[in-house]
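Coordinate inspection notes
The lines below spell out each chain.
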Amino acid sequence: MCFSKRKRGEVERGSAWALVTGSALGIGRQYAERLALLGYNLLMVDIRPEVTDEAATIAETHGVKCVTKVMDLATQDAARSLHDWTVAEGYVFDVVINNAGMFSFCDILNTPVERLERIILLHDLTLTTMCRLYGEDMVRRGKGRLLNMSSYSIWMPFPGLSAYSASKAYVKSFTQAFAKELRKTGVTATAICPAGIATDLYGLSKGLQRFGVKWGILMSPKSCARRGLNAMFKGRRVVVPDWWFRLLIPICKYLPGFLIRPLRSFTMRWQK
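Below you will find a few notes about this structure. (Residues numbered from 1 in each chain as written. Predicted model: local features only at pLDDT ≥ 70, side-chain atom pairs only at ≥ 80, totals over all residues. Heavy atoms only, no water.)

1. Some points on the sheet that holds strand 1 (residues 17–21)
Pairing between the strands of a sheet comes from backbone hydrogen bonds, and it takes one of two forms, parallel or antiparallel. Spatial strand order, 3-2-1-4-5-6-7: seven strands in an open sheet with parallel pairing. Only two strands of the sheet have a single partner each, and these edge strands are strand 3 (66–70) and strand 7 (238–239). Bridge analysis of strand 6 (residues 187–192) against strand 7 gives two bridges, and the strand direction is parallel. Note that in strand 7 the partner of Ala191 across the bridge is Val238. Running at roughly 170° to strand 1, helix 1 (residues 26–37) makes contact with strand 1, strand 2 (41–46), strand 4 (95–98), strand 5 (144–149) and strand 6 of the sheet. Its contacts with the sheet place helix 2 (residues 51–62) against strand 2 and strand 3, and it is angled at close to 170° to strand 3. (Pairing = 2+ DSSP bridges. Helix = DSSP H or I, 4+ residues; strand = E, 2+ residues; numbered from the N terminus. Contact = heavy atoms within 4.5 Å. Axes fitted to C-alpha atoms, helices over the stretch in contact; angles between N-to-C directions.)

Rendered as structure tokens:
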């Protein structure tokens, strides 16, 4: 009799469900693709209607069920509304990935108040409430995995990134403490803090994205998703992909003002 060794996190096809927010494009799309490859049925949530087409492609390619929910998660009651809907529909999730995010590179006093509110709602309130509600469901069953997207920018409080970096710093701090609270419950929480990713989130052209990946400045969404899921299935609390970025953290934290000032002047043209 021959037994094939399963990959880390792999389940019998169609036997478990995963929820991925922000899954129409970029890293979220890659999370969904990789989870489907591992055998998970998917609920793909995104503000973009294109998520429906992406789900159909994944379902056909990997032979799993892919359900979509088009909704804005940057609202006061988004997490509760989504949770209420999934409970009413009878969905039970072994994996929940809080990937939905929005990027802003703009000084605080030049940033519309509505954008600041949406960043904090999406990155912090919605994510925290999702962990609270789905985490409780998982603890009740004695198993589950939560993965939250933080950012390498938490060690780079650079002018123009004030709101974005601070909101992502909260994600890392919250997840790290929450993971300790979950100890011995059978449920884990992981925060991934990737540096630049070759996606449209930052407004980079496709050419610059390819250049960044080629020279190791940017990570591909596929690589980021693979590393994030590996860390999650290992039960790690916080992970920074790629060793050289981990080595640079002390330098980023204590970057002197005489270097920040000219860099700020150079990058002001891209603030918006």
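Having seen it, we continue.
2. Examining the environment of Lys65
Checked against the element boundaries, Lys65 lands in the loop between helix 2 and strand 3. Overall, the relative accessible area of 55% leaves Lys65 in the exposed class. The spatial distance from the C-alpha of Lys65 to the C-alpha of Leu42 is 6.2 Å, given a sequence separation of 23 residues. Every residue in contact with Lys65, bar those within four places of it in the chain, is listed here: Trp17, Asn41 and Leu42. (Buried < 20%, exposed > 50% of the residue type's maximum accessible area, 1.4 Å probe, protein only.)

3. Comments concerning unusual backbone geometry
Positive phi, normally seen in glycine, also occurs at Lys184, with a value near 70°. Topologically, Lys184 is positioned in the loop between helix 5 (162–181) and strand 6. Owing to a relative accessible area of 76%, Lys184 belongs among the exposed residues under this scheme.

4. Observations concerning the pattern of salt bridges
Taken as a whole, this structure holds nine salt bridges when the rule is applied. A salt bridge links Asp94 to Arg141; the nearest nitrogen and oxygen atoms lie 3.3 Å apart. One end of the pair, Asp94, is in the loop between helix 3 (78–89) and strand 4; the other, Arg141, is in helix 4 (residues 113–141), with 47 residues separating them in the sequence. A relative accessible area of 33% means that Arg141 is categorised as partly exposed. In this structure, Lys143 engages Asp94 in a salt bridge whose closest nitrogen and oxygen atoms are separated by 3.7 Å. (Salt bridge = Lys/Arg side-chain N within 4 Å of Asp/Glu carboxyl O.)

5. Concerning the packing of aromatic side chains
Overall, the coordinates contain nine aromatic pairs when judged by the stated rule. Each ring, one from Tyr40 and one from Phe233, has its centre 6.4 Å from the other, and the planes form 25°; the classification is stacked. Of this pair, Tyr40 sits in the loop between helix 1 and strand 2 while Phe233 sits in helix 7 (residues 221–234), and the two are 193 residues apart along the sequence. A single burial state applies to Tyr40 and to Phe233, both of which are buried. Grouping aromatic residues by their ring pairs yields a cluster made of Trp17, Trp85, Tyr91, Phe93 and Tyr134. Of note, Lys69 hangs over the ring of Trp85, and the distance from its end group to the ring centre comes to 4.4 Å. (Phe/Tyr/Trp six-rings, centres within 6.5 Å; stacked < 30°, edge-to-face > 60°. Lys NZ or Arg CZ within 6 Å of the ring centre and 35° of its normal.)

6. A look at the packing of helix 1 against helix 7
At a minimum axis separation of 8 Å, helix 1 and helix 7 run at an interaxial angle of 55°. By the angle between their axes, helix 1 is oblique relative to helix 7. The two elements helix 1 and helix 7 meet at a crossing, and its hand is right-handed. Residue-level contacts link Gly26, Ile27, Gln30, Tyr31, Arg34 and Leu35 of helix 1 to Pro221, Lys222, Cys224, Ala225, Arg226, Gly228, Leu229 and Phe233 of helix 7. Here the residues of the contact of helix 1 with helix 7 are counted per class, giving eight nonpolar, three polar and three charged. (Parallel < 35°, antiparallel > 145°, perpendicular 65-115°, else oblique. Left-handed = near helix turned anticlockwise from the far one by under 90°. Nonpolar A, V, L, I, M, F, W, Y, C, P; charged D, E, K, R; others polar.)

7. Digging into the pairing of strand 4
On a regular strand, each side chain points to the face opposite its neighbour's, so the side chains alternate between the two faces of the sheet. Both faces of strand 4 are covered, namely the face carrying Val95 and Ile97 and the face carrying Val96 and Asn98. Inspection of the sheet shows strand 1 paired to strand 4 by three bridges, in the parallel sense. Pairing of Val20 across the sheet is with Ile97, part of strand 4. Pairing geometry for strand 4 and strand 5, over four bridges, is parallel. Within strand 5, the position partnered with Val96 by the bridge is Leu146.

8. Overview of helix 3
Taking 1.5 Å of rise per residue, the twelve residues of helix 3 would be expected to cover 16 Å, and the 17 Å separating its terminal C-alpha atoms lies within 8% of that figure. Taken together, the buried positions of helix 3 are Ala78, Ala79, Leu82, His83 and Thr86. Projection of helix 3 onto a plane perpendicular to its axis shows the buried side chains occupying an angular sector of 125°, all on one side. Opposite its buried face, helix 3 presents the exposed residues Arg80 and Ala88, each directed more than 90 degrees away. Immediately downstream of helix 3, the backbone of Gly90 shows phi near 85°, a positive value. (Expected span 1.5 Å × (residues − 1). Arc of directions from axis to C-beta.)

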